[in-house]
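Topology and contacts: notes
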Amino acid sequence: MRIAVLPLFFFLCLGFSSISKSAELIPQQLNGPELFENYSNDTGHNISGAICLNGKDCLVVADELIAVQRIQLNKDLTSYTVGETFERIFSTCIDPEQGNCPEWDLEALARDGQRIFVTGSMGFKRKKIKFDDDRWVVAGFDVGPDVTPSTREAQIQNSHRWLAELFTGHRPDISKYIDKPLQCSGINIEGLAHLNGNLIFGLRSPSDRTNGIGYLVEAPAKPILNGDVTFEAKLHEVAFKNADGSAIANVGIRALERIGKRLIILTGESGVADAEEQKYQDRRADGCNNLPGQGIHTNIPSEPRLHSRLWIWTAKNQAPQEIGIIGGAFKRQTLEGIAVIAQTPTTADLLLTFDDPDGIGALALLKKVKIPKSRLYVQ
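This one's a predicted model, so the numbers in the text were calculated from it and none came from an experiment.

Some remarks on a positive patch on the surface
Positive charge collects at one region of the surface, where Lys-128, Lys-130, Lys-279 and Arg-283 lie side by side. As for its position among the elements, Lys-128 is in the loop between β8 (115–120) and β9 (138–142).

In structure tokens, the structure reads:
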């Protein structure tokens, strides 16, 4: 399952034609202290999202409890130090050591200046095939110039009924997947970005697995958090294709990041593993069988497993352009978050976050990644 780490002096090679293989991106591991030291034992290994400000100050989230922490990158981008955790700005979580924090299953961060947004997965518990109302949450909070916590409490929207409106009234109709197990394409949010006053949610599932289409749901940020009746949402279909034009089957969106007026999209496996115990497998079967068509909604991992790939995308008139595929020692690890640290007109430095990597740190870096120029999509 593991391939050798290429020497660090092998820089990323991104010059490729439309008929060549995907460019391989080789992350460099970031060294640093344990993340979320006062949380449960595995929290610091399950990092699911990140956002960076000022070129060195970043926030990361983990899918345990309500886990938000500040980190600081050193100048040469080889290591990091840890800073504050943010539980005290959430009234529902004062002290994680006391076990009084609900598991929001935080998956992604986005920002508008010094206003930070965070989303839960809005999905079922995978192993126990169990609905969890805590996971239906979107929150907004402010940070200082050095990304320290504001004294103001976070604004929290955790109405399951209200947030479910994000996924209704679209074509194709994805509302049938609200409150369904992940193994039958139940709603599963893993990406978040802020663009033009809107929050854009990236769905790992449902997706059109056969045709390689992932879904983005876009809606104004303020109405989502305020519960305003002016709430409107738009569904984007994004078709991911190989260089030969064939659809990338079984694809799901795993992270989003804004870069200028475009989005970097991380794709990977849409499917999730089944529950291990028979009683939970029976519960999953009941949930999936209630969907019309039964087996067409199956959302289990594909073989061979999809590797993580980065794309650049603009709404309206463009198809996504591939940036590259993750390789090296991180090739088979679960990449779940990306954040722009710095950028030029043609390149970007990216922070990567991994969920429970095998024997490797949860944070890594891609330096001087070449970002394709914008181009019109030709049908």
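Next, the rest of the story.
Thoughts on unusual backbone geometry
Put simply, Arg-171 and Pro-172 share a cis peptide bond, and its omega is 5°. The residue Pro-172 is located in the loop between α1 (160–163) and β11 (188–195) in this model. A cis geometry characterises the amide bond from Ser-205 onward to Pro-206, with omega recorded as 0°. Its place among the elements puts Pro-206 in the loop between β12 (198–205) and β13 (213–220).

Describing helix α3 (residues 278–289)
The end-to-end C-alpha distance of α3 is 16 Å, a good match for the 16 Å that twelve residues give at a rise of 1.5 Å each. The complete set of buried residues in α3 reads Tyr-280, Arg-284, Gly-287 and Cys-288. Take α3 and look down its axis: the buried residues cluster within an arc of 95°, on one side only. Away from the buried face of α3 by more than 90 degrees, exposed residues Lys-279 and Asp-286 are located.

Focus on the sheet that holds β11
Here four strands make up an open sheet; going across it, the order is β11-β12-β13-β14 and the pairing antiparallel. Since the sheet does not close on itself, it has two edges, and those belong to β11 and β14 (234–239), each with one partner. Mean inter-strand twist for the sheet, computed between neighbouring axes without regard to direction, equals 25°. Two elements, β12 and β13, share five bridges in a ladder whose sense is antiparallel. Bridge pairing links Ile-200 to Glu-218 in β13.

Procedures and definitions
Residues numbered from 1 in each chain as written. Predicted model: local features only at pLDDT ≥ 70, side-chain atom pairs only at ≥ 80, totals over all residues. Heavy atoms only, no water. Patch = residues over 30% accessible without salt bridge, like charges linked within 9 Å, V, L, I, M, F, W, Y side chains within 5 Å. Areas by Shrake-Rupley, 256 points an atom, 1.4 Å probe, with all protein chains shown as cover. Salt bridge = Lys/Arg side-chain N within 4 Å of Asp/Glu carboxyl O. Lys, Arg positive; Asp, Glu negative; His and termini not counted. Charge placed at Lys NZ, Arg CZ, Asp CG, Glu CD. Helix = DSSP H or I, 4+ residues; strand = E, 2+ residues; numbered from the N terminus. Expected span 1.5 Å × (residues − 1). Buried < 20%, exposed > 50% of the residue type's maximum accessible area, 1.4 Å probe, protein only. Arc of directions from axis to C-beta. Pairing = 2+ DSSP bridges. Axes fitted to C-alpha atoms, helices over the stretch in contact; angles between N-to-C directions.

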